[in-house]
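# Examination of the molecular architecture
The residues making up each chain are set out below.
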Amino acid sequence: MKLILFGYYGYRNVGDEQLLDQTIRLLRHVFKSIEIIVAKGPHALPFPTFNRWNLIHWVKQLRYADAVVFGGGSVFQSRSSMGSLIVYLFIIGLARLFGCRVVLLAH
């Protein structure tokens, strides 16, 4: 099983990075045979990653993924801008186009 984790990861936000660590730990405990890749921001993470802003990378990853897992404390940022909602809805639509399940965690 291959999962793409998507959240506010790779931006040096301690809370989101901790949620990422715990999410990966939980997923690896529940699913013994799992491949995880993280859609990340500009900073390095200790997991396999790709650039969350690169549409070509999204298409490459979604071709083989079983699901996209949205994690973090508040992915749908009601205070920041309408733009973030549009981006997240676009990713959901793209995932569905490729037949991937979409899972929303911690909202």
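Residues numbered from 1 in each chain as written. Predicted model: local features only at pLDDT ≥ 70, side-chain atom pairs only at ≥ 80, totals over all residues. Heavy atoms only, no water.

The topology assignment puts R52 in the loop between strand 3 (49-51) and helix 2 (55-62). Nearest to the buried, unbridged R52 among oppositely charged side chains is D16, at 8.2 Å. Reaching out from R52, the side chain makes a polar contact with the backbone oxygen of G7 at a distance of 2.4 Å. If sequence neighbours within four positions are ignored, R52 has contacts with F6, G7, Y8, Y9, Y11, A39, K40, G41, W58 and Y88. (Helix = DSSP H or I, 4+ residues; strand = E, 2+ residues; numbered from the N terminus. Buried < 20%, exposed > 50% of the residue type's maximum accessible area, 1.4 Å probe, protein only. Lys, Arg positive; Asp, Glu negative; His and termini not counted. Salt bridge = Lys/Arg side-chain N within 4 Å of Asp/Glu carboxyl O. Polar contact = N/O pair within 3.5 Å; in protein donor to acceptor, adjacent residues only side chain to side chain. Contact = heavy atoms within 4.5 Å.)

With that out of the way, let us pick up the pairing of strand 1 (residues 2-6). Most of strand 1 is tucked away, with five of its five residues classed as buried. Relative to strand 2 (residues 35-40), strand 1 runs parallel, the two being bridged by five bridges. Its bridge partner being in strand 2, K2 is matched across the sheet by E35. This β-α-β element, strand 1 to helix 1 (residues 14-30) to strand 2, shows right-handed connectivity. Pairing analysis gives four bridges linking strand 1 to strand 4 (residues 67-70), with the strands arranged parallel. When the bridges of strand 4 are listed, L3 appears paired with A67. (Pairing = 2+ DSSP bridges. Right-handed = clockwise from strand over helix to strand, strands pointing away.)

What follows deals with the nonpolar core. If you look at the biggest cluster of nonpolar residues, it comprises 16 residues, and the most contacted ones within it are I4, F6, F50, W58, L62, V68 and F70. Among the elements that line this core, the one with the most residues is helix 3 (residues 82-97), at five residues. If we ignore the near neighbours within four places in the chain, the residues touching W58 are I4, F6, A39, F50, R52, I91 and L94. In this structure, L20, V38, A67 and V69 belong to the second largest nonpolar core, which totals 13 residues. (Core = buried A, V, L, I, M, F, W, Y, C linked by side-chain atoms within 4.5 Å.)

Each α-helix winds once per 3.6 residues, and so residues spaced three or four apart point in a common direction. The terminal C-alpha atoms of helix 1 lie 24 Å apart, and with 17 residues this matches the ideal 24 Å at 1.5 Å per residue to within 8%. Restricting attention to buried positions, one finds in helix 1 the residues D16, E17, L20, T23, I24 and L27. Considered in projection along helix 1, the buried side chains sweep an arc of 120 degrees and stay on one side of the axis. Away from its buried face, by an angle of more than 90 degrees, helix 1 presents the exposed residues V14, R25, L26 and H29. Each element contacted by the buried residues of helix 1 is listed here: strand 1 and strand 2. (Expected span 1.5 Å × (residues − 1). Arc of directions from axis to C-beta.)

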